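Survey of secondary and tertiary structure
Chain residues, written in single-letter form:
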Amino acid sequence: MIFFRKSILNRVFVYFVLFGFLLTAGAFTLYSVQWQQVSLWIFIGSLFVFLLYFILVYLYEIVRPLKIILDEMKALLAGKKYRRIYTNRIDEIGIIAHFFNEVTRSFEKVSLDIKEGKRMLNELEIASQIQKAILPPQNPKVPGLDVDAKTRPAAELGGDNFDFITVGNNTFIYVGDVTGHGVPAAIVMTMVNTLVHTLTNVYENAYDIVVQTNKQLKTRIKSTMFMTMLMFRWSHMEQKLTYVGAGHEHLVIYRAQTGKCEVRPTGGIALGMVPDNSKLIKELPVPLDVGDVVVLYSDGLTEGRNMAGEMYGLDRLVKAVERYAAEYGSDGIVHHVSLDYSRFVENHKQDDDVTLIAMKHVGIGQEGASSMAGIDTATMTWVNDVPEVKAADPGLESPLA
Amino acid sequence: MMKIKNKAVDTTKDFTTVAVEGELDKVGLEDIRTELDEIVKSLETNMFVLDLADLKFINSEGVGYLLMNHYRLLKQDKKFVIVHAIDHVKDVLDVVGLLSIVPYFDSLELFVKSL
């Protein structure tokens, strides 16, 4: 039976043998009844039956099933609705039908994967929009301080975070960098932003805010994750700046009087590393004169590499700040430093999120020109995305504007 | 490319030293994670010493992995020690505050002397 079902040729062979046997039996019968008495019509009729038999076998066993398969294949190729082909046959026709079913099943899986991919991309896009919406929509109006910021995530979602929160006579300014980038980093970034916004309404100093943020964060993130942070408090009345370091990059302070930068380790321990950081961090003052600039950044900036694999580094950042800090407001400083960075890294792939913030002390009763500028969080353009601006060009755009 | 350069067990002083080589970032981490996880998991001594003399670069993901190992060993009542990092790597570990929770020695000899 298996021999019969395994191949069309076997099937035809079996039919042929069967019919030949019948024919021989018929001929033997005719011979036994004296074949000369058999009329020509009976002979022709027998041949016709023989022929008809083979035509029917050919039509029902080969042509019809092949037509069904071809019709479904045409429908598939034309993008029309097609059906699976169900058959018990294990011969060539069965193999083709099985192949067709497998191909269509794979197509359906790929199609579902593409749909799922599109859905996930849409969700990533939404998450990216939500994250951009979390970042401040515009540079803050801070009495005595001219602030400008710029950020660019390495992926759709980033782990860099900054915000300006004014509560009463204090403005809290922070920059944070979560381990890695992408979705996990973005979730932690969002969590911290929410915590900081809530805690600034409860506590009046940066120290308590950082201690409480760490306490809440540690219980909610996995042990490989942490977030470095630099939290500043600018007192409007006293015109004084204090900060709390939580394992963040060095603080760069440009001194207008000397034209040089002071580089200060920020100290502390990154958020999420220990359950209680209260003994490991402290709030320190940053004495500022008018014209002094505080520059904040994430490690994506100093660790940005050029095509030769060389890192931008702290020294280049300091030199760039010293070159532009006296001449420009915070927007110009951010613009030119980011331009310097972009020229250095050229087209090297951005491995990490990059954030740069400049805060220039402009004196009592003053607000920086850039403080009115809006932050374009929708495009997050970095300097290499916008036309190059000459140093003397008065029409500088705020890099986030 | 990151790899485990050497592994040595000192049963008398009860510590295992693992020396790594390369760059401990996202890519480098994938190169050694399985092997290093296995070493930490099946650690027979009470101290695990990571020798970073040939580690050229570390980023926050690398630091995160070291932090996880610190807690993993702490959970087993064991101690995680870092030795011999080059200046740049030591700066990174110091800046994020890891060295305020994980003991650090400038060389393996200094660590052995401290025992």
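Residues numbered from 1 in each chain as written. Chains lettered and ligands numbered in written order. Predicted model: local features only at pLDDT ≥ 70, side-chain atom pairs only at ≥ 80, totals over all residues. Heavy atoms only, no water.

1. Topic: the pattern of salt bridges
Residue and element names in this part refer to chain A. Formally: For this analysis, a salt bridge means a side-chain nitrogen from Lys or Arg found within 4 Å of a carboxyl oxygen belonging to Asp or Glu. To qualify as a helix, a DSSP run of H or I must reach at least 4 residues; to qualify as a strand, a run of E must reach at least 2; elements of each kind are numbered from the N terminus. The cut-offs for exposure are 20% and 50% of the maximum accessible area for each residue type, with area from a 1.4 Å probe on protein chains only; residues under the lower value are buried, those over the upper are exposed, and the others partly exposed.
The full count for this structure, using the stated rule, is 23 salt bridges over all chains. Arg89 is the salt-bridge partner of Glu61, the closest N and O atoms lying 3.9 Å from each other. Of the two residues, Glu61 is situated in helix H3 (residues 40-77) and Arg89 in the loop between H3 and helix H4 (92-134); the sequence distance between them amounts to 28 residues. You can call Arg89 buried: its relative accessible area is 17%. One network of salt bridges, with partners in common, ties together Arg11, Glu61, Arg89 and Asp91.

2. Things to note about the packing of helix H2 (residues 8-32) of chain A against H3(A)
Residue and element names in this part refer to chain A. Put simply, the rule reads: Every angle, taken between N-to-C directions, lies between 0 and 180 degrees, and every axis is a line fitted to C-alpha atoms, over only the stretch in contact when it is a helix. Note that the term roughly parallel is reserved for angles under 35 degrees, roughly antiparallel for angles over 145, roughly perpendicular for angles of 65 to 115, and oblique for everything else. Two helices crossing with the near one rotated counterclockwise from the far one by less than a right angle form a left-handed crossing, whereas a clockwise rotation gives a right-handed crossing. We call two residues in contact whenever any of their non-hydrogen atoms come within 4.5 Å of each other.
Running from N to C, H2 and H3 cross one another at 160°; their axes reach a closest spacing of 12 Å. As judged from the angle between their axes, H2 and H3 are roughly antiparallel. When the axes of H2 and H3 are compared, the crossing they make is right-handed. Across from Ile8, Arg11, Tyr15, Phe16, Phe19 and Leu23 in H2, the residues of H3 making contact are Val49, Phe50, Tyr53, Phe54, Val57, Glu61 and Ile62.

3. Remarks on the domain arrangement of chain A
Convention followed: Segmentation of the chain into domains, including their bounds, is taken from an automatic or database domain assignment.
One can read the domain layout of chain A as domain 1 (2-108) and domain 2 (137-388). Using C-alpha coordinates to define each centre, domain 1 of chain A is positioned 80 Å away from domain 2 of chain A.

4. Things to note about the packing of aromatic side chains
What counts here: Stacked, edge-to-face and tilted are the three classes for Phe, Tyr and Trp ring pairs, Trp counted by its six-membered ring, which pair at centre distances within 6.5 Å; planes under 30 degrees apart are stacked, over 60 edge-to-face, the rest tilted. Criterion for a charge above a ring: Lys NZ or Arg CZ within 6 Å of the ring centre, and within 35 degrees of the ring normal.
Scanning the entire structure with this criterion turns up 11 aromatic pairs over all chains. Each ring, one from Tyr312(A) and one from Phe344(A), has its centre 5.6 Å from the other, and the planes form 65°; the classification is edge-to-face. Taken together, the positions of Tyr312(A) in the loop between helix H7 (299-302) and helix H8 (313-324) and Phe344(A) in helix H9 (residues 330-345) put the pair 32 residues apart, joining distant regions of the chain. With relative accessibility at 1%, the residue Tyr312(A) sits in the buried group. A centroid spacing of 6.2 Å and a plane angle of 50° characterise the contact between Tyr324(A) and Tyr328(A), whose relative ring orientation is tilted. As far as the burial class goes, Tyr324(A) and Tyr328(A) line up, both buried. Taken together, the aromatic side chains of Phe16(A), Tyr53(A) and Phe54(A) make up a single cluster linked through ring pairs. Over the face of the ring belonging to Tyr71(B) we find Lys218(A), whose NZ or CZ atom lies 4.3 Å from the ring centre. It is Arg305(A) that lies over the ring of Phe57(B); its NZ or CZ is 4.8 Å from the centre.

5. Some points on the side chain of Asp353(A)
Residue and element names in this part refer to chain A. Convention followed: When charges are counted, Lys and Arg are positive and Asp and Glu negative, with His and the chain ends excluded. Between N or O atoms, a polar contact is any pair within 3.5 Å; within protein, one atom must be a potential hydrogen donor and the other a potential acceptor, and residues adjacent in sequence are included only when both atoms are from side chains.
Topologically, Asp353 is positioned in the loop between H9 and strand E10 (354-361). Buried charge Asp353 goes without a salt bridge, the closest partner of opposite sign being Arg152 at 8.6 Å. Only 3.4 Å separates the side chain of Asp353 from the backbone nitrogen of Asp160, close enough to count as a polar contact. In this structure, Asp353 is in contact with Arg152, Pro153, Ala154, Ala155, Gly158, Gly159, Asp160, Gly180, His181, Ser298 and Gly300, ignoring residues within four places of it in sequence.

6. Quick notes on the interface of chain A and chain B
Formally: Once two parts are brought into contact, the accessible area they lose, counted with a 1.4 Å probe and summed over both, makes up the buried area. In this classification, Asp, Glu, Lys and Arg are treated as charged, Ala, Val, Leu, Ile, Met, Phe, Trp, Tyr, Cys and Pro as nonpolar, and every other residue, Gly included, as polar.
Taken together, the 23 residues of chain A in the interface contact 19 residues of chain B. The junction of chain A with chain B conceals about 1500 Å² of combined surface from both sides, 65% of it contributed by carbon and sulfur atoms. When the area that chain A buries against chain B is broken down by residue, the three leading residues are Ser223(A), Thr224(A) and Met273(A), summing to 29%. Viewed at the interface, chain B and chain A are joined by one salt bridge. With a shortest N-O distance of 3.9 Å, Arg305(A) and Glu23(B) are connected by a salt bridge. Our enumeration of links across chain A and chain B arrives at two residue pairs in polar contact (both at pLDDT 80 or more). Broken down by class, the residue content of the side of chain A that touches chain B amounts to nine nonpolar, 10 polar and four charged.

7. Quick look at the layout of surface pockets
Basically, it comes down to this: Put plainly, a pocket is an open set of points on a 1 Å grid over the protein atoms alone with protein on both sides within 12 Å along at least five of seven lines, a cavity is a set where a 1.4 Å probe fits but cannot get out, and a lining residue has an atom within 4 Å of a point. Grid points are joined across faces, edges and corners, and a volume is the space filled by probe spheres set on the points.
Roughly 460 Å³ of volume is contained in the largest pocket. Along the walls of the largest pocket sit 25 residues, with Glu303(A), Gln350(A), Asp351(A), Asp352(A) and Asn59(B) positioned nearest its centre. At the level of elements, H9 of chain A together with helix H1 (26-41) and helix H2 (60-75) of chain B are the ones that each hand at least two residues to the lining of the largest pocket. Of the residues belonging to the lining of the largest pocket, the class tally is four nonpolar, 10 polar and 11 charged.

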